[in-house]
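Coordinates in review
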Amino acid sequence: MKKIQFNINGMTCTACASAIERKVGQINGVESAVINFSNEKLVVQHDPDLAPASLIISTIVALGYGAELADQNKAASINKKETGKPGYQSQIDEVKFRLIGSLIFTLPLVYLAMGPMIGLPIPIFLAGEQNILINALTQMLLTLPVIYMCRHFYINGFKALAKRIPNMDSLVAVGTSASFIYGVVVLFILAYGFSYDNMQLIHHYSHELYFESTTVILVLITLGKFLETKAKGKTSQAIEKLIALVPENARVLRNDTEVEITIDEVRIDDIVIIRPGERIPVDGEIMNGHSSVDESLLTGESLPVEKSVGDFVISGSINKTGSFEFKATKIGEDTTLSKIIQLVEEAQSSKAPIARIADEISRYFVPAVMGISLLTFVIWMLLGYGLSFALSAAISVLVISCPCALGLATPTAIMVGTGKGAEKGILFKNGPALEILGKSHTVVFDKTGTLTIGSPSITDIILYDSEIDQDELLKLTASLEKKSEHPLSEAIVSEAAARDLPLYEVTHFDSLSGLGIHGQIATKEMLIGNIKLMEQNTISTEHIMADYLQLSDSGKTPLLVSWDQSIKGIIGVADTIKENSSLAVSQLKAMGIQVYMLTGDNDRTAHAIGNMVNIENVVANVLPHEKSSMIKQLQSQGHQVIMVGDGINDAPALAQSDVGIAIGNGTDIAIESADVILMQNDLMNIVSAIQLSKATLRNIKQNLFWAFIYNVIGIPLAAGVLYIPFALKLNPMFAAAAMSLSSVSVVLNALSLKAFKAKLLPISKDESSQTVMKAELPLNKIIETKEGKTMKKLLKVADMSCQHCVKRVDGILNGFEGITDVSVSLEEGQASFAAAENVDISAVTAALTEAGYPSSDITA
């Protein structure tokens with residue numbers, strides 16, 4: 001199945017949208033068809049062989065609407081030369097022209113019809129009883145141009161009526177046609193009266209011309225459409241702003257010569273030259289120079305980001321002070337900006353689940369209104385109130401009914417909400433994600449790369465030799481660690497580089513699996529590693545044990561550095577907590593959301609990290625493939641779960657959750673498994689995203705309420721239910737004005753979301769000092785079976801160096817009676833299995849150690 005998008009024109013209300021969705025959905029090979037009435041786009045999931053685009057277009061055209069394939073080339077869609085003025089502007093101009101033209105004829109018509117009633121003078125040739133017929137003919141002639149300029153109401157309305165899919169245009173067409181035809185009939189009656197000198201007949205009907213009602217209804221509805229179209233245009237401003245970010249031209253090096261070309265001509269690996277104040281045309285990697293770059297309109301980050309050689313820059317961002325050259329790595333539709341625009345458009349074109357309520361009602365709304373109008377006419381005629389009264393009430397019912405307000409309630413709010421999110425660097429992939437996020441009450445965080453930075457760094461340097469300082473210990477250690485490929489080695493070498501420390505020459509190097517490294521620098525024979533390495537080389541560790549345990553209890557990895565048979569220092573390495581992790585967690589808890597953390601770390605480290613970020617529900621020893629099952633278990637217990645991860649290792653868990661949130665880095669935003677993407681590595685944006693979701697959902701409910709209540713009150717009032725008890729009757733012209741204002745009010749309410757700002761909630765003072773408990777809910781390690789209790793165990797297995805080792809460890813574990821579900825990981829240096837109650841774990845670890853694979857139990 002493939003997804004394809006169409007631009008639809010000619011729709012006037014949700015009845016039109018529903019008809020198109022139904023007909024297209026009935027085509028063999030179409031899986032789903034969803035229309036966003038607000039931005040007039042249709043998204044179809046289809047089999048191109050069974051349901052080609054041409055068949056879909058012909059089906060829509062047969063219904064009386066226009067359809068064309070949306071531009072699939074995002075590179076072209078962001079080229080401002082091709083875009084010209086915003087797409088909605090031409091529609092605004094068209095409605096504006098129609099409105100002004102209609103007003104030119106309607107104002108004198110209303111003056112002629114209403115002026116004498118309030119004592120205003122009218123031209124002598126139209127005044128007095130003798131000129132009543134001429135006055136009536138003049139009113140009819142002034143009405144005809146307005147009908148012609150608003151002819152689309154009649155063309156679309158009667159065509160839809162003929163196809164038995166009546167829409168809002170049908171209501172307007174029937175109502176104003178009835179009004180005009182009645183006026184023409186009255187005109188003939190007046191002519192008959194003058195022919196036979198029947199002044200009583202002339203006096204009776206001279207005040208029952210409805211020409212002004214016809215034009216005023218058309219003008220007021222057109223005015224409503226004009227205001228609605230302008231307001232709807234503002235809902236698309238987020239995309240227009242993004243499109244405007246890309247410059248039309250780029251300066252590149254071709255044959256060592258600087259040339260200026262259009263952005264469509266930029267190719268991969270082109271060297272692009274950027275000067276101060278210029279916008280960056282495509283994504284790329286800086287090859288020469290440095291600067292600060294403003295990425296705020298893409299990531300929501302207000303402060304400029306320092307960029308130097310090796311850093312990546314994003315299309316659409318603004319270079320501030322310096323100059324640099326960069327190599328183009330992504331162009332056209334592959335740039336970050338194009339992908340953001342595509343995501344926002346797809347989100348705005350999708351439907352939230354709550355929209356189904358309005359869709360279902362809209363399907364039957366117009367036919368029901370036409371039935372109520374006919375019933376109103378019949379009842380007032382039977383009650384003896386005359387043709388004029390009955391017709392006025394029936395027309396009022398037709399023109400006050402507003403399916404548009406129902407149709408606009410959800411999509412306008414989603415468009416503004418997703419657009420506001422994009423401005424803040426929060427990308428919603430679809431409408432359901434925007435709705436469900438605000439309803440969820442459980443958040444599950446991955447640890448590495450989500451709550452933590454994701455790469456180890458040095459946190460502590462402790463010295464035990466007064467003759468050296470921290471820099472000297474770091475230089476020696478980094479010189480040796482540079483030969484190693486261990487992740488911790490990278491942290492030490494990076495810290496030395498950050499301090500501009502020159503490294504020593506290493507004359508000998510050995511990597512000791514599971515222990516550390518050994519090497520020679522000048523006269524120093526060095527050992528760097530764990531306690532076991534020191535003990536094997538008979539180096540005393542008693543005097544450093546307090547520091548060693550303190551670092552371990554803080555979730556850090558202590559690296560012991562020794563030479564001359566004594567430990568000279570400890571370097572503490574850890575994956576440090578992100579700046580706003582603790583604040584974000586506290587804010588989520590203040591919002592009444594339960595927070596969990598999943599990690600593959602052992603219990604001691606996991607609890608230490610959980611304590612730092614104030615998460616009580618800590619689940620340790622979770623292997624990557626087990627994360628999704630943890631989410632599933634939470635869901636089975638009634639939790640609506642938000643999973644937050646880095647979008648790579650956490651893909652299954654993100655997909656399993658009700659809403660998956662991926663932490664992006666501003667350059668890779670096309671993460672398939674996530675529903676929401678955060679462009680910044682700032683967890684406070686999760687709080688903003690949830691609050692924005694709640695605000696959008698609240699706005700949708702307000703819109704639906706007012707749309708429903710308007711029709712519930714307006715239709716009976718127009719039908720005249722208050723006329724007999726209170727003599728209250730709604731004139732068709734006021735009904736038309738009310739109908740127009742209802743749609744505008746819904747759109748304006750949706751636009752209020754543009755003022756959304758995330759709020760910090762008050763946090764209790766003892767929030768940060770809570771005791772961290774191990775979570776029992778998501779990972780209950782004791783599993784009841786028919787044979788009795790089974791314990792989930794995780795062992796640290798050292799010295800495995802190849803798949804032969806893995807196979808041997810697997811064989812040893814499977815050789816124990818009561819052990820099942822064995823999984824051995826060479827990369828993690830771990831083995832997991834399920835063990836019956838009677839299995840002696842110490843015997844298992846002893847067997848592995850004896851076989852040459854030192855093991856220890858890391859499961860609590």
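Per an unreviewed UniProt entry, the protein chain carries the name Copper-exporting P-type ATPase and comes from Acetobacterium malicum. Entered under Sequence similarities (unreviewed entry) in the UniProt record, the comment concerning the protein chain runs "Belongs to the cation transport ATPase (P-type) (TC 3.A.3) family. Type IB subfamily." According to the UniProt record, the Catalytic activity (unreviewed entry) comment for the protein chain is "Cu(+)(in) + ATP + H2O = Cu(+)(out) + ADP + phosphate + H(+)".

A few words on the overall build of the protein chain. Along the backbone of the protein chain there are 31 helices and 31 strands. Sorting the 860 residues of the protein chain into buried and exposed places 53% on the buried side. A separation of at least 24 residues holds for 70% of the contacts in the protein chain among residues at least 6 apart in sequence.

Summarising burial for strand β18 (residues 516–521): 5 of the 6 residues are buried, a large majority. As defined by bridge partners, β18 adjoins strand β19 (residues 524–529) across 6 bridges and the pair is classed as antiparallel. What sits directly across from Gly519, in β19, is Met526. Turn length for the β18-β19 hairpin, with the two strands adjacent in sequence and antiparallel, is 2 residues, and the turn residue Ala522 shows positive phi of about 55°.

Moving on to the sheet that holds strand β3 (residues 41–46). The sheet built from 4 strands is open, its strands ordered β2-β3-β1-β4 with antiparallel pairing. If you trace the sheet from one side to the other, it starts and ends with β2 (30–36) and β4 (66–69), each paired once. Averaged over neighbouring strand pairs, the angle between their axes works out to 25° when direction is ignored. Relative to β3, β2 runs antiparallel, the two sharing 6 bridges. The partner of Ser32 across the bridge, within β3, is Gln45. Across the face of the sheet, helix α2 (residues 53–62) comes into contact with β1 (2–9), β3 and β4 while running at roughly 165° to β4.

Attention shifts here to the packing of aromatic side chains. Considering all chains together, one arrives at 11 aromatic pairs under this definition. Three or more aromatic residues joined by ring pairs form one cluster here, namely Trp380, Tyr385, Phe389 and Tyr723. Against the face of Phe389 rests Lys729, its NZ or CZ located 5.2 Å from the ring centre.

Two elements in contact, helix α6 (residues 132–149) and helix α8 (residues 168–195), have axes separated by 10 Å at closest approach and are oriented at 160°. Put simply, α6 runs roughly antiparallel to α8. The chirality of how α6 crosses α8 is left-handed. Residues Ile132, Leu133, Ala136, Leu137, Met140, Thr143, Leu144 and Ile147 of α6 form the contact with α8, whose participating residues are Phe180, Val184, Leu187, Leu190, Ala191 and Phe194. Class assignment for the residues of the contact of α6 with α8 results in 13 nonpolar, 1 polar and no charged.

Our focus in this paragraph is the side chain of Thr214. Within the secondary structure, Thr214 sits in helix α10 (residues 211–235). There is a polar contact of 3.0 Å between the side chain of Thr214 and the side chain of Ser179. When sequence neighbours within four positions are dropped, the list of residues in contact with Thr214 reads Thr143, Ile147, Tyr154, Thr176, Ser179 and Phe180.

Angle between the axes and distance between the axes are the two parameters that describe a pair of packed helices. Relative orientation of the contacting elements α8 and helix α15 (residues 386–400) amounts to 160°, with a least axis distance of 8 Å. Considered as vectors, α8 and α15 are oriented roughly antiparallel to each other. Considering the relative orientation of α8 and α15, their crossing is left-handed. Residues Leu171, Val174, Gly175, Ala178, Ser179 and Tyr182 of α8 form the contact with α15, whose participating residues are Leu387, Ser388, Leu391, Ile395 and Leu398. Within the contact of α8 with α15, the residues separate by chemical class into 8 nonpolar, 3 polar and no charged.

Here the focus is the sheet that holds strand β12 (residues 318–319). Spatially, 3 strands are ordered β10-β9-β12 in an open sheet, and the strand pairing comes out antiparallel. Each of the sheet's edge strands pairs with one partner strand only, and the pair in question is β10 (305–307) and β12. Summarising the sheet, strand β9 (residues 291–294) and β12 pair through 2 bridges and their orientation is antiparallel. Across the sheet, residue Asp294 finds its bridge partner in β12, namely Ile318.

Let us look at the environment of Glu325. On the secondary structure map, Glu325 appears in strand β13 (residues 324–330). Distance in space between the C-alpha atoms of Glu325 and Asp270 is 10.0 Å, their sequence separation being 55 residues. The contact partners of Glu325, leaving out residues within four places of it in the chain, are Leu253, Ile271, Val272, Ile273, Glu285, Ile286, Met287 and Asn288.

Below, the discussion takes up the pairing of strand β25 (residues 659–663). The buried count for β25 comes to 5 of 5 residues, which makes it a mostly enclosed element. Sheet topology note: the strand β24 (residues 641–645)/β25 ladder contains 4 bridges and is parallel. Residue pairing for β25: Ile642 is matched across the bridge by Val659. Across 3 bridges, β25 lies against strand β26 (residues 676–678) in parallel orientation. Looking across to β26, one finds that Ala662 is bridged to Ile677.

Mapped onto the present numbering, the UniProt feature "transmembrane region" (unreviewed entry) falls at residues 99–126, 132–150, 171–194, 209–227, 364–383, 389–410, 704–726 and 732–751. For residues 171–194, helix accounts for 100% and strand for 0%, while the C-alpha atoms at its two ends are 35 Å apart. Each end of residues 364–383 is marked by a C-alpha atom, and these two atoms are 28 Å apart; helix forms 95% of the span and strand 0%.

In terms of nonpolar packing, the biggest core is built from 128 residues, with Ile20, Val24, Leu42 and Phe445 touching the most fellow members. No other element matches the 15 residues that helix α27 (residues 684–719) contributes to this core. In this view, Leu42 contacts Ile4, Gln5, Phe6, Ile8, Ile20, Val24, Ala33, Val34, Ile35 and Ile60; residues no more than four positions away in its chain are not counted. With 23 residues, the next largest nonpolar core counts Leu476, Ala478, Ile521 and Ile571 among its residues.

All right, on to the pattern of salt bridges then. In the structure shown here, the tally under the stated rule is 13 salt bridges. Across the salt bridge formed by Glu258 and Arg275, the nearest N and O atoms sit 3.0 Å from each other. In this pair, Glu258 sits in strand β6 (residues 257–262) while Arg275 sits in the loop between β7 (271–274) and β8 (283–289), placing the two residues 17 residues apart along the sequence. We classify Glu258 as partly exposed; its relative accessible area is 37%. Taking the relative accessible area as the measure of exposure, Arg275 reaches 35% and is therefore partly exposed.

The next point concerns helix α22 (residues 545–553). Buried within α22 we find Tyr548, Leu551 and Ser552. Along the long axis of α22, the arc covered by the buried residues comes to 100°, so they all point the same way. α22 presents Ala546 and Gln550 as exposed residues on the side facing more than 90 degrees away from its buried surface. One or two steps after α22, the chain reaches Gly555, where phi turns positive at roughly 80°.

What follows deals with unusual backbone geometry. Phi angles above zero are rare outside glycine, and Asp197 is one such case at about 55°. Positioned with a positive phi, Gln565 is a non-glycine residue whose angle comes to about 60°. Mapped onto the elements, Gln565 comes out in the loop between β20 (557–563) and β21 (566–574).

Procedures and definitions
- Residues numbered from 1 in each chain as written.
- Predicted model: local features only at pLDDT ≥ 70, side-chain atom pairs only at ≥ 80, totals over all residues.
- Heavy atoms only, no water.
- UniProt positions renumbered as here; feature names shortened; annotations may be inferred.
- Helix = DSSP H or I, 4+ residues; strand = E, 2+ residues; numbered from the N terminus.
- Buried < 20%, exposed > 50% of the residue type's maximum accessible area, 1.4 Å probe, protein only.
- Contact = heavy atoms within 4.5 Å.
- Pairing = 2+ DSSP bridges.
- Axes fitted to C-alpha atoms, helices over the stretch in contact; angles between N-to-C directions.
- Phe/Tyr/Trp six-rings, centres within 6.5 Å; stacked < 30°, edge-to-face > 60°.
- Lys NZ or Arg CZ within 6 Å of the ring centre and 35° of its normal.
- Parallel < 35°, antiparallel > 145°, perpendicular 65-115°, else oblique.
- Left-handed = near helix turned anticlockwise from the far one by under 90°.
- Nonpolar A, V, L, I, M, F, W, Y, C, P; charged D, E, K, R; others polar.
- Polar contact = N/O pair within 3.5 Å; in protein donor to acceptor, adjacent residues only side chain to side chain.
- Core = buried A, V, L, I, M, F, W, Y, C linked by side-chain atoms within 4.5 Å.
- Salt bridge = Lys/Arg side-chain N within 4 Å of Asp/Glu carboxyl O.
- Arc of directions from axis to C-beta.

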